[in-house]
Amino acid sequence: MLDASLGTSERLQQFDSYFHRLPPEDQVLLLLRDKYGFAYSEIAAALSQPEASLRLKRLQALQSLEEWIWETPTLGLASVTETPPTSPEATR
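The structure displayed is predicted, hence computed values, not measured ones.

Regarding the confidence of the model for the protein
Thinking step 1. For the protein, the mean per-residue pLDDT works out to 83, and 77% of the residues sit at or above 70.
Thinking step 2. Per-element averaging of pLDDT across the protein places helix 5 (residues 77–81) at the bottom with 44 and helix 2 (residues 24–35) at the top with 97.

Right, here's the structure in full:
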């Protein structure tokens, strides 16, 4: 969890450690889009990937960062697709 009691420099170092947990491809995508402001069309051309895939990858990368920063699981596909127990024995 990102520690609010730390100074700015320490928090940036902590965030940097979370950022570097991401796969290199996701790091590049976030840097190109969010730091340098490249359009998805430009990134898609440079990386030879569809824009829609890049949008999804960016969202997933941001969700991973959010989960690591707050140490709470995001509402992912697994939690949506889990089936509830059907028998009383399964709930015990």
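Following the structure, the description resumes.
Some points on helix 2
Thinking step 1. Here helix 2 spans 15 Å end to end across 12 residues, near enough to the 16 Å set by a 1.5 Å rise per residue.
Thinking step 2. Turning to helix 2, its buried residues number three or more, namely Asp26, Gln27, Leu29 and Leu30. All buried residues of helix 2 fall inside an arc of 160° around its axis, so they share one side. Seen from the open side of helix 2, the exposed residues pointing more than 90 degrees away from its buried face are Pro24 and Lys35.
Thinking step 3. Summarising the contacts, the buried residues of helix 2 are in contact with helix 1 (8–19), helix 3 (40–47) and helix 4 (51–70).
Thinking step 4. Following helix 2 by one or two positions, Gly37 adopts a phi angle in the positive range, close to 75°.

Some thoughts on the environment of Trp68
Thinking step 1. The residue Trp68 is located in helix 4 in this model.
Thinking step 2. Taking relative accessible area as the criterion, Trp68 reaches 22% and is therefore assigned partly exposed.
Thinking step 3. Distance from Trp68 to Phe19, taken between C-alpha atoms, is 9.4 Å for residues 49 residues apart in sequence.
Thinking step 4. If sequence neighbours within four positions are ignored, Trp68 has contacts with Met1, Tyr18, Arg21 and Leu22.

Calculation criteria
- Residues numbered from 1 in each chain as written.
- Predicted model: local features only at pLDDT ≥ 70, side-chain atom pairs only at ≥ 80, totals over all residues.
- Heavy atoms only, no water.
- pLDDT = per-residue confidence, 0-100.
- Helix = DSSP H or I, 4+ residues; strand = E, 2+ residues; numbered from the N terminus.
- Expected span 1.5 Å × (residues − 1).
- Buried < 20%, exposed > 50% of the residue type's maximum accessible area, 1.4 Å probe, protein only.
- Arc of directions from axis to C-beta.
- Contact = heavy atoms within 4.5 Å.

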